[in-house]
Amino acid sequence: QVDADKAGVSVIGLGTGNLRPTITPNGAIDAVDVSAANFTMANIIFAVPGTDAQTADINVDAAGCNLLGLVHRGSTGTENKVSFITVTANGDDLLIDGMRGFNDTVDMVSGIELAAASRVEISNTVILSAGSVGYSTGVIDDTGVCTDLSIHDCLFKNVKAAVAVVTFASNSVGVCYDTYFSGRHTTIASNVVTGS
């Protein structure tokens, strides 16, 4: 596990395509645990894990962080991730921009799991699943009440049958616009669970 525990640090990957730096998680851990404010990570690939039930590529537990242009690959064989990104209640003012997440072999729980953080923005992001596997609670799932949540210019696809694409059952508050959803739930409306 990489502990991002110094405030104001930026980790910027150089290169394009598959020539970008790659982190391969190997353990039931968060590959990067962010516990200091104003951390930025950009242009990094997170490969499929070497261990089953790897908890997350990044856990954000501090305010003012930026995750930019990251690529996440979910599973291979019998090994999978629980989530690509988890955000605790301390993850206020987080920006996730330009993320690409792909899962096609073994179900994950979620792409992005949000706890009760404030002012989280998810933009220009594509999270997909293929085959018959996907995300068992949704591409995005709130486990606490997020406030001032902003989601825009995104594409989310969950091919797991009878599961919503995004689930805001914890009654997060915010706005979602210019975003596309593709899912296999029983009705169009049931692919986006908006809580109250």
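Residues numbered from 1 in each chain as written. Predicted model: local features only at pLDDT ≥ 70, side-chain atom pairs only at ≥ 80, totals over all residues. Heavy atoms only, no water.

A. Structural view of the packing of aromatic side chains. Across all of its chains, the model carries two aromatic pairs by this definition. Measuring from centroid to centroid gives 6.2 Å for Phe84 and Tyr135, while their planes differ by 65°, and the two rings are edge-to-face. Here Phe84, found in strand β11 (residues 79-87), pairs with Tyr135, found in strand β17 (residues 135-142); they are 51 residues apart in sequence, far enough to count as distant. Tyr135 sits in the buried class, given a relative accessible area of 0%. Residues Phe156 and Phe181 carry aromatic rings whose centres are separated by 6.1 Å and whose planes lie at 50° to one another, so their mutual orientation is tilted. Remark: Phe181 occurs in strand β22 (residues 180-183) and Phe156 occurs in strand β19 (residues 155-158); sequence separation between them is 25 residues. Its relative accessible area of 0% is what places Phe156 among the buried residues. (Phe/Tyr/Trp six-rings, centres within 6.5 Å; stacked < 30°, edge-to-face > 60°. Helix = DSSP H or I, 4+ residues; strand = E, 2+ residues; numbered from the N terminus. Buried < 20%, exposed > 50% of the residue type's maximum accessible area, 1.4 Å probe, protein only.)

B. Representation of the side chain of Thr167 in the model. Within the fold, Thr167 resides in strand β20 (residues 166-167). Note on Thr167: relative accessible area 13%, which makes it buried. Reaching out from Thr167, the side chain makes a polar contact with the backbone oxygen of Thr137 at a distance of 2.9 Å. (Polar contact = N/O pair within 3.5 Å; in protein donor to acceptor, adjacent residues only side chain to side chain.)

C. The environment of Asp153, seen in detail. One can find Asp153 in the loop between β18 (149-152) and β19. Residue classification places Asp153 among the partly exposed positions, given a relative accessible area of 38%. Along the primary structure Asp153 and Ala37 are separated by 116 residues, whereas in three dimensions their C-alpha atoms are 26 Å apart. Those residues in contact with Asp153 that sit more than four places away from it in its chain are Ser123, Asn124, Thr125, Tyr177, Asp178 and Thr179. (Contact = heavy atoms within 4.5 Å.)

D. Geometry of the sheet that holds strand β13 (residues 100-103). Strand order in this open sheet of seven strands is β3-β6-β9-β13-β16-β19-β22, and the pairing throughout is parallel. Here the strands that pair on one side only, and so sit at the sheet edges, are β3 (22-23) and β22. Pairing geometry for strand β9 (residues 71-73) and β13, over three bridges, is parallel. The residue bridging Arg73 from the neighbouring strand is Phe102, located in β13. (Pairing = 2+ DSSP bridges.)

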